[in-house]
Amino acid sequence: MVPAGLDHIVCQGWLLKKRRKKMQGFARRYFVLHQSGTLSYSLDPKRPVRDQIFLPHAALSTVVGRKDIHIDSSTATFHIKCLSSEDFNTWISAFRQAAVPIIHGCRSSASKLTSRLTHSQWNKSNIIAEDMGSAIAELESAITALHTEDPSKRNTSLKSKSDKEKSNNVGSVFSKFKKCRFSVYRRRSNANHTSISIHVQRAHIALESLKSHHAALLRSFHAVHNDALPPTTRGSPLPKTAEEKTDELLSASGFSASLSHQSNRISSVTDLSDSAPAEWFDAEDHFGEEFLLEDPTPEEDKARIVLQSRNSSLNEYGSASSDEEDHIPLQSVGNDDSSLSLRPVARRTHLPSGPIGDEGSLFAMLKKNVGKDLSTIAFPVSFNEPLTLLQRTAEELEYHELLQQAAESNEPVERMCYVAAFAISSYAHTRHRSGRKGFNPMLAETFEDVRMKFIAEKVSHNPVVIAYHAEGDGWELHGTSAGKTKFWGKSLEIIPLGTTQLKIGDDQYEWNKPSSFMRNLMMGTKYLEHCGKMTIKNTVSGASCVVDFKQTGYWGASNEVTGATLSRSGDVCARIEGKWDDQIVLALDSSHLRVLWRITPFPKQTMEYYGFTAFGITLNEITSDLEDRLPPTDSRFRPDARALEEGNVDEAEEHKMRLEELQRDRRRRGADRTPRWFKQVGEDWRYKGGYWEERATGWREVPVEPLW
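Residues numbered from 1 in each chain as written. Predicted model: local features only at pLDDT ≥ 70, side-chain atom pairs only at ≥ 80, totals over all residues. Heavy atoms only, no water.

> Whenever I open this one, the overall build of the protein confuses me. Can you help?
The helix and strand tally for the protein stands at 17 helices and 28 strands. Within the span of the protein, comprising 708 residues, buried residues form 52% of the whole. Taking all contacts inside the protein whose residues are at least 6 apart in sequence as the whole, residues at least 24 apart take part in 64%. (Helix = DSSP H or I, 4+ residues; strand = E, 2+ residues; numbered from the N terminus. Buried < 20%, exposed > 50% of the residue type's maximum accessible area, 1.4 Å probe, protein only. Contact = heavy atoms within 4.5 Å.)

What follows is the structure in structure tokens.
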């Protein structure tokens, strides 16, 4: 921290800032840039600061020919428009200067070894380097305060302080370095305690801390050259990482208090691939990155739609659990197919294999393709998980029993609360998924799940759109899943497109999902965050429920959700709250809550595979009730996904390239597939019917041609 007296204002003035809520445009705000690199804004110069960003840890993005500036610091994102070209030049110059860290060269020793660091070692070294920077800043602050403070005032204030206050001051310094758990030598001579300034103590503590960090950093780099020892026997200056201590990761208490804003997020610590260009971490560069975005034309922007499952298209490692099998009964869905009748089915509780090799650096791919449509980028199979995006859409309906409870309720407010709980629960499976994406389906590829009579089909290739339909006793749901992405430098924003529509009795509900963000793409622990408002409307009665997915602050709780059920006139009828990865409760009064939904516990060893839930583990399995009944277009028959599930990465890559070439060949010959089970109605896709009836006949009347 730079002392308040020395933190001069570099630049200040009025700018236009994009509001946090969707469809509300830009608002005039007063921005102030300090010499320390902190950019803050308020409603006007006399009002308190509303939010701030530390530029040396942020990424800057600009667009050629426009006066836009995008600043992404992982915890917050500012979208700014300047009022004139002169303002733009002034501010962007100030930002570039402020983005240079106060302490240069703190990564100079790391930059020479970047290309040889493994993922885990680089992550540890980066954490230590950041702690060193904090220690240096604290040391400079203490020394500056020591020289600027009046000696007589310092002596007077020192005599008035008790030993207890001294220890509290020292303790506040120690709190900045909890993660490294170092101890600092202090002299305890009573004669010296009464004469040493508190600032000298701060400088002494920071200096010793810096020495400790420096020694640990050298040891972490030295481990790279110690090829004679296996990785498990090499010493580490830090506490165990996720790969070394899975059980500790499964508890939020396993994280340091200094990273409390990430304490509930459990994800992979691998951030940068070994193939990442070494110049990304050159000691001459600043911590912040600056990107130049291409401004797409309206036609290009319309075409840049990338399929994302409504929660996210990116996931992290981890999956499955014990070697025992659960017997999960199927729910009756009331149809003529005898194969869908109520009977127990043995389902697996683990996958044949976990991930083989590293997932690769997503940031490396995005950096090389800034401003491009991700659907046009060829990702290697190592970026995938053994599920298609059709199957990921089915994952959102894991808690479909909530719709059954909503159908059984005759109270409109209670029914709306159950529908809202179902909409929120569709994010629950993304808790441990922030590094891998599902396979992009072939055109006309399908997936079914008899547990909720679910059928999905890829109906459009460019833009990529998935249509799906599901039904149960008293309810029917359908919708489309599509999306587009924006890369902001350190975060990837995933904007879902399409509407989900639900029918329960005479009530019709519909809603759109808020944006999701993949944070810390460049370095740090990657995690998913869902932010924004989701409004669920009853188009018949006019009632609604506004659900707010709260953005996580630096010290605040994560993944929080609140909601209010409103009548047609706008009166609040009920309130719900909770977390999208934990539970949702209905507030009955100030002291009583009613649990509407609670997440099913993840498998015990979920982090060892792809982060799948127990439900997700079963999606690619061909159980006894599905044998000889699935159409050849079902995702379970994809050879590349099956090979990846079994741990055969090279074979999966070969199959993936072959399937993509087959689809390109069909398109060149004008023989591309057309949707079979869904038809387009305006901008929406509706289920035509007939799938389950033809399934009951064994696909004999109208044969289904395979895609692979």
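From this point, things continue past the structure.
> Teacher, can you tell me more about the pattern of salt bridges here?
Opposite charge on two side chains permits them to pair, given that their charged atoms come into close proximity. Applying the stated criterion across every chain, the model contains 30 salt bridges. In this structure, E385 engages R392 in a salt bridge whose closest nitrogen and oxygen atoms are separated by 3.7 Å. Look at E385 and you get buried, because its relative accessible area is 0%. Ionic pairing is found between R642 and E645, a salt bridge with its closest N-O pair at 2.8 Å. Within this pair, R642 and its partner E645 are both found in helix α15 (residues 639-645), separated by three residues, close to a single helical turn. Here R642 and E645 have matching classes, each one buried. Taken together, the shared-partner salt bridges connect K656, E660, E661, R664, D665, R668 and R669 into one network. (Salt bridge = Lys/Arg side-chain N within 4 Å of Asp/Glu carboxyl O.)

> Whenever I open this one, the nonpolar core confuses me. Can you help?
Side chains of nonpolar character tend, in soluble globular proteins, to be buried together. Judged by nonpolar contacts, the single largest core of 63 residues is most densely connected at I424, F454, L477, L502, W511, I536 and I576. In terms of residue count, the dominant contributor to this core is helix α13 (residues 412-425) (nine residues). The contact partners of I576, leaving out residues within four places of it in the chain, are C417, A420, I424, C545, V561, T562, G563, I584, V585, L586 and L596. Counting 22 residues, the second-largest nonpolar core is a separate cluster that includes L15, I69, F88 and W91. (Core = buried A, V, L, I, M, F, W, Y, C linked by side-chain atoms within 4.5 Å.)

> I would appreciate a short explanation of the environment of R695 in the present structure.
Mapped onto the fold, R695 is located in helix α17 (residues 691-696). Exposure remark for R695: the relative accessible area of 1% places this residue in the buried category. Considered as a pair, R695 and L630 are 65 residues apart in the sequence and their alpha carbons are 7.4 Å apart. Side chain to side chain, R695 and E448 meet in a polar contact 3.0 Å long. (Polar contact = N/O pair within 3.5 Å; in protein donor to acceptor, adjacent residues only side chain to side chain.)

> What exactly am I supposed to notice about the pairing of strand β28 (residues 684-687) here?
Two faces belong to every sheet, and in a regular strand the side chains alternate between them. One ladder, built from four bridges, connects strand β27 (residues 678-681) with β28; its direction is antiparallel. Bridge pairing links V681 to D684 in β28. Linking two consecutive strands that pair antiparallel, namely β27 and β28, is a turn of two residues; a positive phi of about 70 degrees is found at G682 within it. (Pairing = 2+ DSSP bridges.)

> Sorry if this is basic, but what is going on with the pairing of strand β7 (residues 77-81) here?
Within β7, four of the five residues are buried, which leaves the element mostly enclosed by the surrounding structure. Strand direction decides the pairing type here: strand β1 (residues 9-18) and β7, joined by two bridges, are antiparallel. Bridged to K17 within β7 is I80. Where strand β6 (residues 68-72) meets β7, five bridges bridge the pair, whose relative direction is antiparallel. Note that in β7 the partner of I69 across the bridge is I80. Two successive antiparallel strands, β6 and β7, enclose a turn made up of four residues, where S74 displays a positive phi of approximately 75 degrees.

> Could you clarify how one ought to interpret helix α1 (residues 85-98) in this entry?
Think of an α-helix as 3.6 residues a turn; residues three or four steps apart then line up on the same face. Taking 1.5 Å per residue as the helical rise, α1 with its 14 residues ought to reach 20 Å, and the 20 Å between its terminal C-alpha atoms agrees with that figure. Taken residue by residue, α1 has F88, W91, I92, A94, F95 and A98 as its buried positions. Projected down its long axis, α1 carries its buried residues within an arc of 160 degrees, all on one side. Those residues of α1 that are exposed and angled more than 90 degrees off the buried face are E86 and Q97. (Expected span 1.5 Å × (residues − 1). Arc of directions from axis to C-beta.)

> Any chance you could explain the state of the cysteines here in plain terms?
A covalent bond bridging the sulfur atoms of two cysteines is what the word disulfide describes. A full pass over the atoms with the stated rule returns zero disulfides. Not part of a disulfide, C11 finds its nearest cysteine sulfur in C82, a span of 9.1 Å. Here C417 stays free of any disulfide, with the sulfur of C545 as its closest cysteine sulfur at 6.1 Å. (Disulfide = S-S within 2.5 Å.)

> I tried to follow the packing of aromatic side chains on my own but got confused; where do I start?
To describe a pair of aromatic rings, you give the distance between the ring centres and the angle between the ring planes. Following the criterion strictly, the structure yields 15 aromatic pairs and no others. Here W14 and Y30 contribute two aromatic rings whose centre-to-centre distance is 5.2 Å and whose plane-to-plane angle is 75 degrees, an arrangement assigned as edge-to-face. Of this pair, W14 sits in strand β1 while Y30 is found in strand β2 (residues 26-34), placing the two residues 16 residues apart along the sequence. With centroids separated by 5.0 Å and ring planes inclined at 85 degrees, the aromatic side chains of Y691 and W692 adopt a geometry described as edge-to-face. W692 shares its class with Y691; the two are buried. The ring of W14 carries the charged tip of R28 above its face, separated from the ring centre by 4.0 Å. The ring of F517 carries the charged tip of R519 above its face, separated from the ring centre by 4.4 Å. (Phe/Tyr/Trp six-rings, centres within 6.5 Å; stacked < 30°, edge-to-face > 60°. Lys NZ or Arg CZ within 6 Å of the ring centre and 35° of its normal.)

> I'm lost on the side chain of S544 in this one. Help?
Among the secondary structure elements, S544 is positioned in strand β22 (residues 544-549). The exposure class of S544 is buried, given its relative accessible area of 13%. Apart from residues lying up to four places away in sequence, S544 is in contact with M416, T535, I536, K537, A564, T565 and L566.

> What exactly am I supposed to notice about a negative patch on the surface here?
On the surface, E646, D650, E651 and E654 cluster together into a patch of negative charge. Tracing the backbone through its elements, the reader meets E651 in helix α16 (residues 649-668). For E651, a relative accessible area of 39% puts it in the partly exposed group. (Patch = residues over 30% accessible without salt bridge, like charges linked within 9 Å, V, L, I, M, F, W, Y side chains within 5 Å. Areas by Shrake-Rupley, 256 points an atom, 1.4 Å probe, with all protein chains shown as cover. Lys, Arg positive; Asp, Glu negative; His and termini not counted. Charge placed at Lys NZ, Arg CZ, Asp CG, Glu CD.)

> Can you help me understand the packing of helix α12 (residues 401-408) against α13 in this one?
Packed helices, taken two at a time, are described by their axes: the angle between them and the distance between them. Across the interface, α12 lies against α13 with an axial gap of 8 Å and an inter-helix angle of 170 degrees. Considering their axes alone, α12 and α13 lie roughly antiparallel with respect to each other. Two secondary-structure elements touch here, α12 through L402, L403, Q405, A406 and A407 and α13 through R415, Y418, V419, A421, F422 and S425. Across the contact of α12 with α13, the residue classes tally to eight nonpolar, two polar and one charged. (Axes fitted to C-alpha atoms, helices over the stretch in contact; angles between N-to-C directions. Parallel < 35°, antiparallel > 145°, perpendicular 65-115°, else oblique. Nonpolar A, V, L, I, M, F, W, Y, C, P; charged D, E, K, R; others polar.)

> Just checking my understanding: could you explain α16 for this structure?
Compared with the 28 Å implied by 1.5 Å per residue over 20 residues, the 29 Å span of α16 between its first and last C-alpha is a close match. For α16, every residue scored as buried is listed here: A652, K656, L659, Q663 and R666. Each buried residue of α16 sits inside an arc of 95 degrees when the element is viewed along its axis, so together they form one side. Those residues of α16 that are exposed and aimed more than 90 degrees away from the buried face are D650, E654, M657 and R668. Looking at the buried side of α16, the elements it contacts are β11 (384-388), β12 (437-439), β14 (454-461) and α15. One or two positions beyond α16, positive phi appears at G670, with a value near 70 degrees.

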